[in-house]
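# Summary of structural features
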Amino acid sequence: MIPLYEDNHLIIVAKSSGEIVQGDKTGDVPLAETVKQYIKTVHAKPGNVFLGVVHRLDRPVSGVVVFAKTSKALARLNTMFRDGQVKKTYWAITQGRPQKMEDTISGWLTRNEKQNKSYTHDHEVKGSKKAVLSYKLRAVTDRYSLLEVSLLTGRHHQIRCQLAAIGCPIKGDLKYGARRSNADGSISLHARSVQFEHPVSHEMIKVEAPVPEDNLWRDITKNL
């Protein structure tokens with residue numbers, strides 16, 4: 001966990017792959033608890049620390065996570081995320097190369113709870129939700145592409161599912177068709193930045209998370 005931005009109302013941190021944002025059945029210490037302890041220690045706060053979870057990243061994904069430090073900020077941020085007022089940009093290292101340098105992908109996703117997996121459809125089906133993202137090809141190597149992805153909706157495993165559907169599964173993402181896993185159990189998807197109007201001060205905030213300490217990440221992003 002790396003702190004990136006903090007004021008009285010919110011804290012933004014960089015999550016490592018492997019960390020869970022909220023507690024789950026594994027019993028592993030969640031990022032939310034780590035951030036609480038950080039606030040408690042750095043600011044010498046007695047008693048319980050309020051921390052509101054605004055959004056989540058999948059466990060194997062790294063990058064920017066926003067938390068609220070007050071109930072007022074939490075309520076406003078929840079609305080902003082729900083209404084698409086937060087610009088989220090992701091970097092994905094994918095196998096293969098998309099046919100177009102940039103494009104908008106629109107479809108319908110269904111979620112299989114048992115498999116913890118989403119499926120894409122080119123038309124609306126029972127239980128499906130509209131899913132839209134745009135991407136730009138930012139860099140290539142002999143084996144991989146770096147795509148910059150902007151989410152226009154926030155669906156379960158949306159980027160992973162929709163990129164796989166165009167023949168570009170994310171490196172390490174066995175669930176969606178990658179050839180092999182990454183050694184550390186991560187997938188090569190990184191929440192690069194968030195940009196939004198501060199829920200209280202109304203100033204514009206943009207925060208970027210450094211890419212993982214990994215040779216491929218460093219090489220493929222070195223000229224950006």
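The model shown is predicted, which means the values in this text are computed figures rather than measured ones.

### Quick word on the layout of surface pockets
Roughly 1600 Å³ of internal volume is contained in the largest pocket. In terms of lining, the largest pocket is formed by 49 residues, of which the most central are Arg-56, Asp-58, Arg-155, His-156 and His-157. If you list the elements that add at least two residues to the lining of the largest pocket, you get helix 2 (71-82), strand 5 (87-95), strand 6 (102-112) and helix 3 (158-165). Residue classes in the lining of the largest pocket are distributed as 14 nonpolar, 19 polar and 16 charged. Each pocket or cavity is described by its volume, and for the second largest pocket that value is around 420 Å³. The wall of the second largest pocket is formed by 26 residues, among which Ser-17, Ser-62, Asp-184, Pro-212 and Glu-213 lie closest to the centre. Looking at the lining of the second largest pocket, the elements with two or more residues in it are strand 2 (10-15), strand 4 (62-68), strand 10 (189-197) and helix 4 (215-221). Of the residues in the lining of the second largest pocket, the class split is 13 nonpolar, 8 polar and 5 charged.

### Here's the deal with the environment of Arg-192
Along the chain, Arg-192 falls in strand 10. Beyond its immediate stretch of four places on either side in the chain, Arg-192 contacts Val-64, Thr-89, Tyr-90, Trp-91, Val-207, Glu-208, Ala-209, Pro-210 and Val-211. There is a polar contact of 3.3 Å between the side chain of Arg-192 and the side chain of Glu-208.

Rules used throughout
- Residues numbered from 1 in each chain as written.
- Predicted model: local features only at pLDDT ≥ 70, side-chain atom pairs only at ≥ 80, totals over all residues.
- Heavy atoms only, no water.
- 1 Å grid on protein atoms, 1.4 Å probe; cavity = no way out; pocket = protein on both sides within 12 Å on 5 of 7 lines; lining within 4 Å.
- Points joined across faces, edges and corners; volume = space filled by probe spheres on them.
- Helix = DSSP H or I, 4+ residues; strand = E, 2+ residues; numbered from the N terminus.
- Nonpolar A, V, L, I, M, F, W, Y, C, P; charged D, E, K, R; others polar.
- Contact = heavy atoms within 4.5 Å.
- Polar contact = N/O pair within 3.5 Å; in protein donor to acceptor, adjacent residues only side chain to side chain.

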